[in-house]
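# Summary of the model geometry
What follows is each chain in one-letter form.
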Amino acid sequence: VLGDVDETSPLKEAQVKTPEVVNYDQVISDMNSSDEKTRFDAVQLCRKTLSRAKNPPIDEFFQRGAVKILAHCLDISNDNLVFEAAWALTNIASGESHHTQSVVEGGATPKFIKLLKHKDIR
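Residues numbered from 1 in each chain as written. Predicted model: local features only at pLDDT ≥ 70, side-chain atom pairs only at ≥ 80, totals over all residues. Heavy atoms only, no water.

Turning next to the overall build of the protein chain. Assigned secondary structure in the protein chain consists of 7 helices and 0 strands. Taken from the N to the C terminus, the helices and strands of the protein chain come in the order α-α-α-α-α-α-α. (Helix = DSSP H or I, 4+ residues; strand = E, 2+ residues; numbered from the N terminus.)

See the structure below:
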């Protein structure tokens, strides 16, 4: 089934499970790290955790200020980080109306529109 899927598709991603217990405060702290690898790993863990099919912990990240951090990541010149941050933001926006409103008010909407013209659109 996945034979025709582009190699960069998240559907081709290795099926790595997220930890059962996530230290949300540490993930948020690491998302603010000046170390690029630490920041990327934390944003990716945030996205993977929010991508759970059942009961994604949207409020756990939302209440800790993830929207502002992720929206800022959309401005960074690292395509993989932008991809992960955008995906995490869409997962947050898919929650309740106040989650969606926060993503919009956090300035992500014009950044999403700008991404539609990005050379590495997936």
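Now that the structure has been shown, the text picks up again.
Moving on, we get to the confidence of the model for the protein chain. On average, residues of the protein chain score 88 in pLDDT, and 83% of them reach the 70 mark or higher. Here residues 1-8 scores under 50 on pLDDT; set against residues more than four positions off or in separate chains, the count is 7 contacts. (pLDDT = per-residue confidence, 0-100. Contact = heavy atoms within 4.5 Å.)

By the definition in use, this model includes 2 aromatic pairs. Between Tyr24 and Phe61, the ring centres sit 5.1 Å apart and the planes meet at 90°, which makes this aromatic pair edge-to-face. Of the two residues, Tyr24 sits in helix H1 (residues 24-31) while Phe61 sits in helix H3 (residues 58-62), which places them 37 residues apart along the sequence. Comparing Tyr24 with Phe61 shows no difference in burial state: the two are buried. Seen from the ring of Trp87, Arg47 lies directly overhead, with NZ or CZ sitting 3.9 Å from the centre. (Phe/Tyr/Trp six-rings, centres within 6.5 Å; stacked < 30°, edge-to-face > 60°. Buried < 20%, exposed > 50% of the residue type's maximum accessible area, 1.4 Å probe, protein only. Lys NZ or Arg CZ within 6 Å of the ring centre and 35° of its normal.)

The next subject is the environment of His118. Mapping His118 onto the fold places it in the segment after helix H7 (108-115). Look at His118 and you get partly exposed, because its relative accessible area is 27%. As for His118 and Asp79, which are separated by 39 residues in sequence, their C-alpha atoms are 9.4 Å apart. Among the polar contacts listed, one links the side chain of His118 to the side chain of Asp79, at a separation of 3.1 Å. (Polar contact = N/O pair within 3.5 Å; in protein donor to acceptor, adjacent residues only side chain to side chain.)

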